[in-house]
Amino acid sequence: AGTVQFPMVKHAVEIGWTPLTPESAKEKRGGDNGMLFRDELGVKLEAFNPWMSDDAIRSVIETLDALPQNIEGNRDMLAWLRGERQWYDEEEKRHRAVKLVDFENTSANSFHVTWEWTLKPAGCTKGNRADVMFVVNGVPVCIVEHKNPKDGDAIDRAVKQLRRYEIETPELIGSPQLFNVTHLLDYWYGVTWNATRRDMARWKQTREESYRFAVQAFFERTDFLRTLQHWILFYIQDSETRKSVLRQHQQRAINAIVDRCADPKKTRALVWHTQGSGKTFTLLTSARLILEDK
């Protein structure tokens, strides 16, 4: 806790995340069996959607709380966060997009970080506990597992723990989209509902980066919102819903492609990526961003 967990919270607070003690977070989510900060979520829904009535806001929160605790429900939660879901406007007699996150104005959102997040769902004899949880506008978005840096197999044990959550307490990862696994020396990240070493990536931006630098680079608020908005993908493979997150080299390539497409003087470019580097997802996401840019 002293070596890895509390320093992460401290580093996140330095870049604008608001710390919440476990007791405060538990109160805001209504006890050990809750996941959403309902008051925070309600305030943001009202601020971002002034057309919504109090009943509509309550109904949206209940809808989010009732999403299935599986990868399909996780996909729906991300769609809500991205503003891809609608609600009926009684006054205008039409469906309108519901805004949960303001991706254009980072400071309009609330960012909380808390630790020792214990979840014990109703009827469950045994709960589980996340080391650190990051919450945006009342919705948990990233779960973190810390291990002792002295343990040789720390990262593998943390991954097994995340997979155990899927079986024992899927509610704990029903809402979070991303996970971090770290034991101070290495910093890995991936997406929930796909906790495998093969699909994880090591966060690396400089040759000799520190733990503080890694935490603050990953959770820099504007970039983190951009990850939620663009870099997480759901897709169907072998008739199953799968999930992935674009790695840093893919993100850099996509940004370069979109910038080149916006340049009226240049019409061509070359991106060199090796086999297995995720070229298909790079191209699909680039195409989507280009089409969405009016």
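Our subject is the structure that appears above.
Nothing here was measured: the structure is a model prediction, and the numbers come from that model.

J.: What is the right way to read empty space enclosed by the protein from this model?
T.: One way to see where empty space is left: roll a probe the size of a water molecule over the atoms. The tally for this structure, following the rule as stated, stands at one cavity of 30 Å³ or more. Within this model, the largest cavity holds a volume of roughly 30 Å³. Of the residues assigned to the lining of the largest cavity, the class counts are five nonpolar, one polar and one charged.

J.: Would you explain the pairing of strand β5 (residues 128-136) in this entry?
T.: Strand residues, when the strand is regular, have side chains that alternate between the two faces of the sheet. Burial within β5 is extensive, with eight of its nine residues counted as buried. The pairing of strand β4 (residues 111-119) with β5 spans eight bridges and is antiparallel. Across the sheet, His112 pairs through a bridge with Val135, a residue of β5. Summarising the sheet, β5 and strand β6 (residues 139-146) pair through five bridges and their orientation is antiparallel. The partner of Met133 across the bridge, within β6, is Ile143. Connecting the antiparallel pair β5 and β6 is a turn made up of two residues, with Asn137 showing a positive phi of about 55 degrees.

J.: What am I meant to see in the side chain of Glu40 here?
T.: Here Glu40 is to be found in helix α3 (residues 38-48). Only 3.2 Å separates the side chain of Glu40 from the side chain of Ser110, close enough to count as a polar contact. Leave out the neighbours within four places in its chain, and Glu40 touches Lys28, Ser110, His112, Asn137 and Gly138.

J.: Looking at this structure, I do not really get the nonpolar core. What am I missing?
T.: If you look at soluble globular proteins, the nonpolar side chains tend to sit buried side by side. With 50 residues, the main nonpolar core has Phe134, Phe219 and Phe224 as its most contacted residues. Leaving out residues up to four positions away in the same chain, Phe134 has contacts with Met8, Ala12, Trp17, His112, Val113, Val139, Pro140, Val141, Cys142, Val144 and Phe219. Ranked by size, the runner-up nonpolar core spans 24 residues in total, among them Met35, Phe37, Ile71 and Met133.

Cut-offs and rules
Residues take numbers from 1 onward in each chain, read along the sequence in its written order. Owing to the predicted nature of the model, reporting of local features is limited to residues with pLDDT of at least 70; listing and counting of side-chain atom pairs is limited to 80 or more, with chain, interface and lining totals taken over all residues. Side-chain numbers here rest on the full set of heavy atoms in the structure, without hydrogens or water. In this analysis a 1.4 Å probe is tested at points of a 1 Å grid over the protein atoms alone, and where it fits but cannot get out there is a cavity; an open set with protein on both sides within 12 Å along at least five of seven lines is a pocket; lining residues have an atom within 4 Å of a point. Grid points are joined across faces, edges and corners, and a volume is the space filled by probe spheres set on the points. Ten residue types, Ala, Val, Leu, Ile, Met, Phe, Trp, Tyr, Cys and Pro, are classed as nonpolar, four, Asp, Glu, Lys and Arg, as charged, and the remainder, Gly among them, as polar. The buried label applies to any residue whose accessible area, calculated with a 1.4 Å probe on protein chains only, is under 20% of its type's maximum; exposed applies above 50%, and partly exposed to all values in between. Strands are runs of DSSP state E lasting at least 2 residues, helices are runs of H or I lasting at least 4, and numbering of each runs from the N terminus. Only strands joined by at least two bridges in the DSSP assignment are considered to pair. Pairs of N or O atoms within 3.5 Å make up the polar contacts considered here, provided that, within protein, one atom can donate a hydrogen while the other can accept it, and that residues adjacent in sequence are counted only when both atoms are side-chain atoms. Any two residues whose heavy atoms approach within 4.5 Å at even a single point are treated as in contact. Nine residue types can take part in a nonpolar core, namely buried Ala, Val, Leu, Ile, Met, Phe, Trp, Tyr and Cys, and a core is a set of them joined through side-chain atoms within 4.5 Å.

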